[in-house]
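Residues per chain are reported as follows:
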Amino acid sequence: MKQSIFFVYVKQGRHTVQMLKRRFFKSDLRVNYFFTISVVTIFLVTSLMGYAADGFIHPGLLHSKKDIARMKEAVAKKQGPIYEGFKVLEQSPNAKADYKMRGPVEEWGRAPNINTGIAQSDAKAAYQNSLIWAITGKQAHADKAIEIVNAWARTLKKVSGI
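Here the structure is a predicted model, which means the values were calculated and not measured.

S.K.: Residues and numbers for the overall build of the protein, please.
M.R.: A tally of regular secondary structure across the protein gives 5 helices and 4 strands. Starting at the N terminus, the α and β elements of the protein follow one another as β-β-α-α-α-β-α-α-β. The buried share of the protein, taken over its 162 residues, is 25%. Sequence separation of 24 or more characterises 52% of the internal contacts of the protein that already satisfy a separation of 6 or more. Summed over all atoms, the accessible surface of the protein reaches about 12,500 Å², with 61% contributed by carbon and sulfur.

In structure tokens:
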């Protein structure tokens, strides 16, 4: 019996059940139909994925593209309450491109408080540096945000408490 690339196996204990056999593809009509349906399905799925990506707004993000564009414009013009707020942001010790991380740590949590201040400080620094980068394009702020997130991603093992 010849081997085929069109085998799908489902393992159940010691038994392997052959789910799809090559004989399904003996007819040229079936092969053409199968591949036509596959191509159409892939096209539709990828089209819908692109549509969803363009229209999707993540519920956890604090700023939309329009918000960032509005902030960029106000900061470039150096006027209005947005610019005044940006000047306050720039003065934050967490918003500095040379911010010195307090962490990372292997565990942090609330109730009981385990390294919470350390985690919050570094999280603020990552957020504030990324926001300054998004508004000004200053690469040093992007680099700092990436450094912080990567360090925590490599080290953090547990988030505890409630």
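Here the narrative resumes, following the displayed structure.
S.K.: Tell me about helix 5 (residues 139–155), and name the residues and values.
M.R.: Compared with an ideal rise of 1.5 Å per residue, which puts 17 residues at 24 Å, helix 5 spans 24 Å between its outermost C-alpha atoms and is within 8% of the ideal. Taken as a whole, helix 5 has its buried residues at His141, Ala142, Lys144, Ala145, Ile148, Ala151 and Trp152. Buried residues along helix 5 sit against strand 3 (107–110) and helix 4 (116–136).

S.K.: Tell me about the pattern of salt bridges, residues and numbers included.
M.R.: As enumerated under the stated definition, the model contains 5 salt bridges in all. A salt bridge links Glu73 to Lys77; its shortest N-O distance comes to 3.0 Å. Here Glu73 pairs with Lys77, and both are found in helix 2 (residues 65–77), just 4 residues apart, close to one helical turn. We classify Glu73 as partly exposed; its relative accessible area is 46%. Here Lys77 falls in the partly exposed class, since its relative accessible area comes to 47%. Put simply, Lys87 and Glu84 hold a salt bridge, and the shortest N to O gap is 3.3 Å. Here Lys87 and its partner Glu84 are both found in helix 3 (residues 80–91), 3 residues apart, which amounts to about one turn of the helix. Given a relative accessible area of 33%, Lys87 falls into the partly exposed group. A residue is classified by how much of its surface remains accessible, and Glu84, at 42% relative accessible area, is partly exposed.

Analysis parameters
- Residues numbered from 1 in each chain as written.
- Predicted model: local features only at pLDDT ≥ 70, side-chain atom pairs only at ≥ 80, totals over all residues.
- Heavy atoms only, no water.
- Helix = DSSP H or I, 4+ residues; strand = E, 2+ residues; numbered from the N terminus.
- Buried < 20%, exposed > 50% of the residue type's maximum accessible area, 1.4 Å probe, protein only.
- Contact = heavy atoms within 4.5 Å.
- Areas by Shrake-Rupley, 256 points an atom, 1.4 Å probe, with all protein chains shown as cover.
- Expected span 1.5 Å × (residues − 1).
- Salt bridge = Lys/Arg side-chain N within 4 Å of Asp/Glu carboxyl O.

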